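# Examination of the molecular architecture
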Number of protein chains: 2
Amino acid sequence: MLTYDFIETTGTPLYEQLYRKIRDDITAGVIAAGTRLPSKRTFAKHLGISTITVENAYAQLLMEGYIVSCPRKGYYAESLSEMPEKNADRADRSHKEPKRQKKETAPEYFADFAAGQNSFDSFPFTTWARLFRDVLSSRQKDLMTKPPQGGVWELRAALADYLRDFRGLESEPEQIIVGAGTEYLYGLLVQLLGFDRIYACEDPGYRKAADIFEAYRVECRRISLDENGICMGDLEQSGADVVHVTPSHHFPTGITMPAGRRYELLSWAAARPGRYIIEDDYDSELRMSGKPLPSLFGMDSGERTIYMNTFTKTLSSTIRVSYMILPPQLLTRFETAMGFYSCTVPTFEQYTLARFIRDGYFEKHINRVRNASRKKQDKLLTAIRKSSLGPLVSISGENAGLHFLMTIDYKGTKQEFIERCAKEGIHLVGLQSYEHVPRPEHANVFVISYASIPEERFDEAAERLFRAAAAL
Amino acid sequence: MLTYDFIETTGTPLYEQLYRKIRDDITAGVIAAGTRLPSKRTFAKHLGISTITVENAYAQLLMEGYIVSCPRKGYYAESLSEMPEKNADRADRSHKEPKRQKKETAPEYFADFAAGQNSFDSFPFTTWARLFRDVLSSRQKDLMTKPPQGGVWELRAALADYLRDFRGLESEPEQIIVGAGTEYLYGLLVQLLGFDRIYACEDPGYRKAADIFEAYRVECRRISLDENGICMGDLEQSGADVVHVTPSHHFPTGITMPAGRRYELLSWAAARPGRYIIEDDYDSELRMSGKPLPSLFGMDSGERTIYMNTFTKTLSSTIRVSYMILPPQLLTRFETAMGFYSCTVPTFEQYTLARFIRDGYFEKHINRVRNASRKKQDKLLTAIRKSSLGPLVSISGENAGLHFLMTIDYKGTKQEFIERCAKEGIHLVGLQSYEHVPRPEHANVFVISYASIPEERFDEAAERLFRAAAAL
């Protein structure tokens, strides 16, 4: 059996010493691919260490893909050719998902313009760590106390004040329902508004809304857009009761719905009982120029608008905090019919976020992210304009959020172009991907998300895009 | 206008100084109830401090109920008689929910036997804080990276190993779907299994499962129990496709389903395509005596069982982490039809919990909680037996989890008894509350949850229960 010696005095935990030794032996071929490792208990006995130590070492090896686990059989050394690169960043996802998962790991692009993700270094780790520590030491009883179903009161009060001051939106904390992401809140709304209602979405638009309506097996109509946003005639004709819109900054075209269309939409809602508007204000904080228009929620004296917002764009999608504001009659219905639901966000995040907002950090953070994004976007646009790609493209929707539209003049099919780009290490997603029925006139329009791409790659990325376009 | 001086050198933040001054003035009546406070901007200018400082002070006063906010009007001093007690624990919920919420705050009981909550001091705050800090400093990129929809791989790998070692349950990490609470996972299952299926629940049983099936507007049949758990004849006759069961420890009666009934249930599932069992193993870790039976999931060669578990009982409900294990064909369907859903648990909790399990803390914690619960339950049972209440009660279901059943011999109606108890400061919930149609023979059976009640109150609580029973 494999035998290793351990150095008790290094300060390196035993399990880590064992993990390293086995890893090195697998890498060096001392343990051949396919070799069955000793069972945890036997191995522990043999080495004179505890089972949990072996277990931890195996867990680490498993996570990093050096060994695989076969149910009821044991652990086997992975074959080297199938192994992720040894020197790859440990944080790399492909490294944590061993091959036995049998899933395609995402290819690594030089520049992934399709990744909606924020840049990881914009998250305020230091402040967050400090506030979290404070909360953890001073609010233990609160952290362990089941919050009201709408969420921790402090967070909702902080949100109401924040929305009043920075968005001009008046609401009471009790109207605010905090939930684990907008996706979750859409689902709650279908349960609240009814499975027999007809729902409508913008087309093109945020795909998840339509996906979720369909997962709930409710009727979902797609409504086209004109230059002012959702087409009122189509909406009227669709027979819809509930419509999902992104009036501050349409996703993905960037259209801001003007006041006139907003009033038309509110009139539509007021015209028949049971009509509601879901106003998804997902990135209004990151608007880069001009003052945002008042929210539909704030303009709506008829109380038919449900306001929705998220911390996905402003903090991180991985924090899973979104919220919605219910008009009074829906709030009553929610509390009566769905009062058994628990709030889905951990109290830990809720208290920390409440402090983060109340102490003014959120405002500062948004300003920082907005400024950084503006600079980053300017750099990307400059890089594109002065590159060989410049004459082949036109840009729109660049006044808001972390993406814009780019029309690229290329020959050949969209599929061919996207494949050429992929060969150049560039990942693109077309506007058509956000359309229920792709419109032929949008075949060469692409949604460019740049937040996750390092600035120093912009020049090279533009040249690669040019090469892809020119090669066809 | 109100004028205050500030001491810049105390180290106490300005906003806190201001908050204290206003609070003291309201308490002392210097600022009379109903007085409108100056607007934030005016007040800030007047005092020569920043608006955000006033804002923070107001937010604090608002949260603690010293002032109320009237939309579009401003902030008003709260009337003292309506104010929560000045010396009340700040962590007290009633303190954070000002009167304007217009909701009943829960009355404070001497002993609340109806509260399902864990004792707040059992959470491993110190270890959790340390692991969280580690994760926050060493895994920043991972924390900001969107995890697979089933959750962070490390957590799922840790769970698979944990279940193999401590529950004898074989699963692959990719089968494990992590979600923000069991309630959320029930909802996912309805979307996965279908809205046209007939669902069945145990009666009496865990009310939330039925509540959620009804919120999703799917047919939900109630199946009665015999001494071995769910009645197979009734299940067969119900026409159900999917059944929710708690075989390890039936909620709330404490029945453990014996092997024979388990095989009958598995045969039922295997007999017709599309039949599934949801095995809710919500507190199997806390079983107090005897070895738990193998899980249905592990016994099921037909792959018709969905295993579900949660950290609600073992860590805290406020952490919102549960998981389910899907059999292979459902996993494929889930990934295909519902692949657009994001994981609902923050990466922060997922990485911390993965470390907590992998490093062996979870096992130790469970042992600690189980031992503490056993001791606590013993003390409560002893207190009851030697009190005047002793001769009036019988106990069952005491071998598992954090509750048991107590039959109390009293005269009068259940309602009268519960009201008498409430007057004595005791909150009780009847077994009938978990029955769809309350069974008359259960009128004097109560579900006794004791985890949140301090031990030193047990003797007195038993005497108070006796007084309530004797008074009728």
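## Regarding the overall build of chain A
When helices and strands are tallied, chain A shows 17 helices and 17 strands. Along the longest, intermediate and shortest principal axes, the C-alpha atoms of chain A span 80 × 65 × 40 Å. Classification of the 472 residues of chain A by burial places 60% in the buried group. Intrachain contacts of chain A at a sequence separation of at least 6 include 71% that bridge at least 24 residues. As presented, chain A carries roughly 18600 Å² of accessible surface, and 49% of it is formed by carbon and sulfur atoms. With 60 positive and 62 negative side-chain charges, chain A shows a separation of 4 Å between the mean positions of the two kinds.

## Overview of helix α2 (residues 40-47) of chain B
All names here are of chain B. Regarding α2, the residues found buried are K40, F43, A44 and L47. Buried residues of α2, seen end-on, are gathered within an arc of 100° and therefore sit on one face of the element. Along α2, the residues that are exposed and aim more than 90 degrees away from the buried face are R41 and K45. One or two positions beyond α2, positive phi appears at G48, with a value near 70°.

## Focus on the interface of chain B and chain A
Residue-level contacts link 82 residues of chain B with 80 residues of chain A. Both sides of the chain B and chain A interface together cover about 8000 Å² of buried area, and 57% of this is carbon and sulfur. Of all residues in chain B, M144(B), W153(B) and R358(B) give up the largest surface area on contact with chain A, accounting jointly for 9% of the area buried on that side. The interface formed by chain B and chain A holds two salt bridges in total. Across the contact surface, chain B and chain A share 21 residue pairs in polar contact (both at pLDDT 80 or more). Residue composition of the side of chain B that touches chain A, by class: 37 nonpolar, 14 polar and 31 charged.

## Some details on the pattern of salt bridges
Residues and elements named next belong to chain B. Scanning all chains against the criterion turns up 45 salt bridges over all chains. Measuring nitrogen to oxygen at the nearest pair gives 2.8 Å for the salt bridge that ties D281 to R167. With D281 in the loop between β9 (276-280) and α12 (296-299) and R167 in helix α7 (residues 153-167), this residue pair connects regions lying 114 residues apart in the sequence. The exposure class of R167 is buried, given its relative accessible area of 11%. A salt bridge links R355 to D359, with the shortest nitrogen-to-oxygen separation between them at 2.9 Å.

## Thoughts on the relation of the copies chain B and chain A
Of the transformation superimposing chain B on chain A, the axial component is 0.0 Å and the angular component is 180°, with the fit at an RMSD of 0.1 Å. Considering both components of the superposition, the chain copies are consistent with a two-fold axis. The share of interface residues of chain B whose copies in chain A are also at the interface is 98%, consistent with both copies meeting through the same surface.

## Here's the deal with the domain arrangement of chain A
Residues and elements named next belong to chain A. Parsing chain A into structural domains produces domain 1 (14-96), domain 2 (111-116 + 368-470) and domain 3 (139-359). Computed over C-alpha atoms, the centres of domain 2 and domain 3 are 29 Å apart. Between domain 2 and domain 3, the buried area comes to about 1900 Å², and carbon and sulfur atoms account for 58% of it. Of all residues in domain 2, H403, Y434 and H436 bury the most surface against domain 3, accounting for 29% of the area lost on that side. Put simply, domain 2 and domain 3 have one salt bridge between them. Close ionic contact of D203 with R439 constitutes a salt bridge, the shortest N to O distance being 3.9 Å.

## Considerations on the sheet that holds strand β8 (residues 242-245) of chain B
All names here are of chain B. In spatial order, the strands read β4-β11-β10-β9-β8-β5-β6-β7; together these eight strands make up an open sheet with mixed pairing. Single-partner strands in this sheet number two, and they are β4 (176-179) and β7 (229-230). Two elements, β9 and strand β10 (residues 305-310), share four bridges in a ladder whose sense is parallel. Counted as the bridge partner of E279 is Y307 from β10.

## Focus on the state of the cysteines
All chains considered together, the criterion is met by zero disulfides over all chains. Looking at C220(A), it has no disulfide partner, and the nearest cysteine sulfur is the one in C201(A), 3.8 Å off. Overall, C220(A) belongs to the buried group, its relative accessible area being 16%. With no disulfide of its own, C343(A) lies closest to C343(B) among cysteine sulfurs, the gap being 16 Å.

## Details of the packing of helix α14 (residues 347-358) of chain B against helix α15 (residues 361-386) of chain B
Residue and element names in this part refer to chain B. For the pair α14 and α15, the least separation of the axes is 4 Å and the interaxial angle reads 75°. Here α14 is positioned roughly perpendicular relative to α15, judged by the angle of their axes. Between α14 and α15, the contacting residues are R355, F356 and I357 on the first element and Y361, F362 and H365 on the second. Split by residue class, the contact of α14 with α15 holds four nonpolar, one polar and one charged.

## A closer look at the side chain of Q350(B)
Residues and elements named next belong to chain B. Note on placement: Q350 falls in helix α14. In this structure the side chain of Q350 is engaged in a polar contact, spanning 2.7 Å, whose partner is the backbone nitrogen of V152. Setting aside its immediate chain neighbours within four residues, Q350 contacts P147, G151, V152, L155, V178, C343 and V345.

## A few points about the nonpolar core
F311(A) and F311(B) are the most contacted members of the largest nonpolar core, which totals 76 residues. Once residues within four sequence positions are removed from consideration, F311(A) is found in contact with L159(A), S316(A), I319(A), V321(A), Y323(A), L353(A), I357(A) and F362(A). Grouped together as the second largest cluster of nonpolar side chains are 66 residues, I177(A), Y341(A), M338(B) and F340(B) included.

## Some thoughts on the packing of helix α15 (residues 361-386) of chain A against helix α17 (residues 458-471) of chain A
Residues and elements named next belong to chain A. Where α15 contacts α17, the two axes come as close as 9 Å, and the packing angle between them is 45°. In terms of their interaxial angle, α15 and α17 are classed as oblique. Taken as a pair, α15 and α17 cross one another with a handedness that is right-handed. The residues of α17 that touch α15, namely those facing K376, K379, L380, A383, I384 and K386, are F458, D459 and A462. Partitioned by chemical class, the residues of the contact of α15 with α17 number five nonpolar, no polar and four charged.

## Some points on the side chain of R464(B)
Residues and elements named next belong to chain B. Relative to the assigned elements, R464 resides in helix α17 (residues 458-471). The buried category is assigned to R464, whose relative accessible area is 19%. Excluding residues within four positions of it along the chain, R464 makes contact with F110, E424, G425 and I426.

Analysis parameters
- Residues numbered from 1 in each chain as written.
- Chains lettered and ligands numbered in written order.
- Predicted model: local features only at pLDDT ≥ 70, side-chain atom pairs only at ≥ 80, totals over all residues.
- Heavy atoms only, no water.
- Helix = DSSP H or I, 4+ residues; strand = E, 2+ residues; numbered from the N terminus.
- Buried < 20%, exposed > 50% of the residue type's maximum accessible area, 1.4 Å probe, protein only.
- Contact = heavy atoms within 4.5 Å.
- Areas by Shrake-Rupley, 256 points an atom, 1.4 Å probe, with all protein chains shown as cover.
- Lys, Arg positive; Asp, Glu negative; His and termini not counted.
- Charge placed at Lys NZ, Arg CZ, Asp CG, Glu CD.
- Arc of directions from axis to C-beta.
- Buried area = accessible area lost by both parts, 1.4 Å probe.
- Salt bridge = Lys/Arg side-chain N within 4 Å of Asp/Glu carboxyl O.
- Polar contact = N/O pair within 3.5 Å; in protein donor to acceptor, adjacent residues only side chain to side chain.
- Nonpolar A, V, L, I, M, F, W, Y, C, P; charged D, E, K, R; others polar.
- Least-squares fit on C-alpha atoms with pLDDT ≥ 70 in both.
- Domains from an automatic or database assignment.
- Pairing = 2+ DSSP bridges.
- Disulfide = S-S within 2.5 Å.
- Axes fitted to C-alpha atoms, helices over the stretch in contact; angles between N-to-C directions.
- Parallel < 35°, antiparallel > 145°, perpendicular 65-115°, else oblique.
- Core = buried A, V, L, I, M, F, W, Y, C linked by side-chain atoms within 4.5 Å.
- Left-handed = near helix turned anticlockwise from the far one by under 90°.

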